[in-house]
Amino acid sequence: MATSQSVQVAPTVSRRGIFKRAGTAVMTLAVLGTLGGCGLFGSKPAHEPTPLTEIKQALTVKQIWTASVGKAGAYSFAPVAVGNAVFAAGANGSVVRVDAETGASNWSAKADTNITAGPGSDGETTVVATHKGDVIAFDHDGKASWKANAGSEVLTAPLVGRGLVVVRAINNRVTAFDSSTGSVRWSYSQPAVTLTLRTGTGMTFVGDRSVITGFPGGKLVALDANTGNPQWITPLSYPKGVTEVERVNDVTGAPVVFGRQVCGATFQGRVGCVDVQTGNGLWARDFSSPNGVSQDERVVAAVNTDGAVYAFNAADGSTLWQNDKLKYRDLSAPLALGRVVVVGDKQGYLHFLSRDNGEFLARVKLSGAISAQPVIAGQTLVVQTRDGNIYGFRPE
C-alpha cells in the first residue's frame, strides 16, 4: 500500500501547515501555497485581518463573571453547558465546573497528562482525551473515575449522555464507552481517505436513538446509539477537482439538530440540511466552511473560509444576508442566539450581529483569541479564550 494514503492536513488552530506521511512529519510547501489563500493553512496568513470600523452599540452586553482554566496551546477547547453548569478544559489537563449564574467554581480537577480534546459532559460524567487516544473520565464531584483508550489521537470533544461516552478518533473510528465503567459498547469506522483536515469533527445526539457525525468526503452519518450500526449515510457534498488538495471535502464542526432537520457544512463543499430521521436531503448550497454551523427555527448561520458570515433561510437555504466586514479575522463558529448571531475572532473581539440583517449590534473585547464557538448556559452566554479565560455575559 502506498504511504501517501496516510497524509493528513495539520489542524487549523495550530497554523503549522504540517502534513503527516506514513507517520513522519514533512513540510509540503507546494500544497501549503495552494491552501494558504483560504487562511486555514500555513504559518503566514495570506491576508491581513480586515480592520474593524466603529459601530453603534445597539445592544447592551454585560459581563457578569470571569473564570480561568489552562491555555489551549495547539488545540481548540470549547466550553460545554449542561443546564446551569459550565465545563471547560485546557491543554495542561485542567478541567473545571463553574456555575453559569455566578462563575463560582463547583470543582476543579486535572488529568495526569496533557490533553487534546474535551471536555464532554452530561453533568454527571465529564470526559477529556489525549494525543495517544486515552479517554479520561471524572465523576460528578470531579474525581477521576476511569480511563480507556480510543486507539488513536483524539481532537474532537467526547459526546456524553444516554449512558455513553462517544469518542471520535482522528483515524475516523467512533467508539462508544459505557459512561459508568469505561467498557466498550460499540465502535464504527469509515475507510481512510487520501487527504483530510486534521481537525475536530463534532457529534450530536438525536433523542435516545442516534448519534450523528460527519466524515471526510462530505458524508453525514447517523449511528444507532445502542449498536453503532449506521441508520443512514448521506453525502452533504461531494469532492470536486483534480488534485488531492482540491478534493479535500470534510464535514467541519458538529452537525446541528433543530426540529426535523440536521444541518452541517463542509470544507470546499456545501452547507445544507437533511431530514434527521431518513437522511434525505432538504436543501444545500455551495459553500466552504472551516468550522460548521449554528441554527434556530429561522436561520442557519455559517462562516466561510474567508471569514464572511452568512445567514441562510432554515427552510429552503436561500441567502438572507451576508456580512463580509470580518474577513480574514479567523472567526469561530457562530452561535445563533435569539435575535443575534454571535461570533469571536483571533484578536479577542466578540461580535454580535443582527439575526435579521447581519448588521453589527455590539462588540466586546476579551483577553485573548476566540477560536471556540460560544455557548449558552441558562441565561448566560459563555465564551472561552485561547489564553484560558472563561467569560459569562448577559446580553440585554
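Residues numbered from 1 in each chain as written. Predicted model: local features only at pLDDT ≥ 70, side-chain atom pairs only at ≥ 80, totals over all residues. Heavy atoms only, no water.

An unreviewed UniProt entry lists the chain under the name Outer membrane protein assembly factor BamB, with Pandoraea faecigallinarum given as the organism. In its Subcellular location (unreviewed entry) section, UniProt records this for the chain: "Cell outer membrane". For the chain, the Sequence similarities (unreviewed entry) comment in UniProt is given as "Belongs to the BamB family." (UniProt positions renumbered as here; feature names shortened; annotations may be inferred.)

Colleague: Any chance you could explain the nonpolar core here in plain terms?
Modeller: With 18 residues, the main nonpolar core has Phe77, Val128 and Phe138 as its most contacted residues. When contributions to this core are tallied by element, the ones reaching two or more residues are strand E5 (85-89), strand E7 (105-110) and strand E10 (134-138). Ranked by residues supplied to this core, first place goes to E5 with three residues. Three or more residues apiece are contributed to this core by two domains, here domain 1 (50-75 + 290-395) and domain 2 (77-198). Excluding anything up to four places from it in sequence, phenylalanine 77 contacts Ala72, Ala89, Gly90, Ala91, Ile115, Thr116, Ala117, Gly118, Ala372 and Gln384. Residues Leu350, Leu361, Leu366 and Ile370 belong to the second largest nonpolar core, which totals 16 residues. (Core = buried A, V, L, I, M, F, W, Y, C linked by side-chain atoms within 4.5 Å. Buried < 20%, exposed > 50% of the residue type's maximum accessible area, 1.4 Å probe, protein only. Helix = DSSP H or I, 4+ residues; strand = E, 2+ residues; numbered from the N terminus. Domains from an automatic or database assignment. Contact = heavy atoms within 4.5 Å.)

Colleague: I tried to follow unusual backbone geometry on my own but got confused; where do I start?
Modeller: With the exception of glycine, the majority of residues adopt a negative phi angle, and the majority of peptide bonds are in the trans configuration. Cis geometry marks the peptide bond from glycine 118 to proline 119; its omega dihedral reads 0 degrees. Relative to the helices and strands, proline 119 resides in strand E8 (residues 117-121). The phi angle at arginine 162 is positive, at roughly 55 degrees, despite the residue not being glycine. Positionally, arginine 162 belongs in the loop between strand E12 (159-161) and strand E13 (164-168). Unusually for a residue other than glycine, asparagine 172 sits at a positive phi of about 70 degrees. Position of asparagine 172 among the secondary structure elements: in the loop between E13 and strand E14 (173-178).

Colleague: Looking at this structure, I do not really get the sheet that holds strand E22 (residues 269-275). What am I missing?
Modeller: The antiparallel open sheet is built from four strands, whose spatial order is E20-E21-E22-E23. Each edge of the open sheet carries a strand with a single partner, namely strand E20 (251-258) and strand E23 (281-287). The average angle at which neighbouring strand axes cross in this sheet is 15 degrees, direction not considered. Inspection of the sheet shows E22 paired to E23 by six bridges, in the antiparallel sense. Bridge assignment links valine 271 to a residue of E23, and that residue is arginine 285. (Pairing = 2+ DSSP bridges. Axes fitted to C-alpha atoms, helices over the stretch in contact; angles between N-to-C directions.)

Colleague: I'm lost on the pairing of strand E17 (residues 210-215) in this one. Help?
Modeller: Both faces of the sheet carry side chains from a regular strand, because those side chains alternate between them. Taking burial as the measure, the six residues of E17 include six buried ones, the bulk of the element. Residues Ser210, Ile212 and Gly214 point to one face of E17 and Val211, Thr213 and Phe215 to the other, with burial holding for every one of them. Across four bridges, the pairing between strand E16 (residues 203-206) and E17 is antiparallel. Residue valine 206 lies in a different strand from E17, and its bridge partner there is serine 210. Connecting E16 to the antiparallel partner E17 that follows it, the hairpin turn spans three residues, and glycine 207 within it adopts a positive phi of roughly 55 degrees. Here E17 runs beside strand E18 (residues 219-224); their pairing, made up of six bridges, is antiparallel. Note on E18: the bridge partner recorded for glycine 214 is leucine 220.

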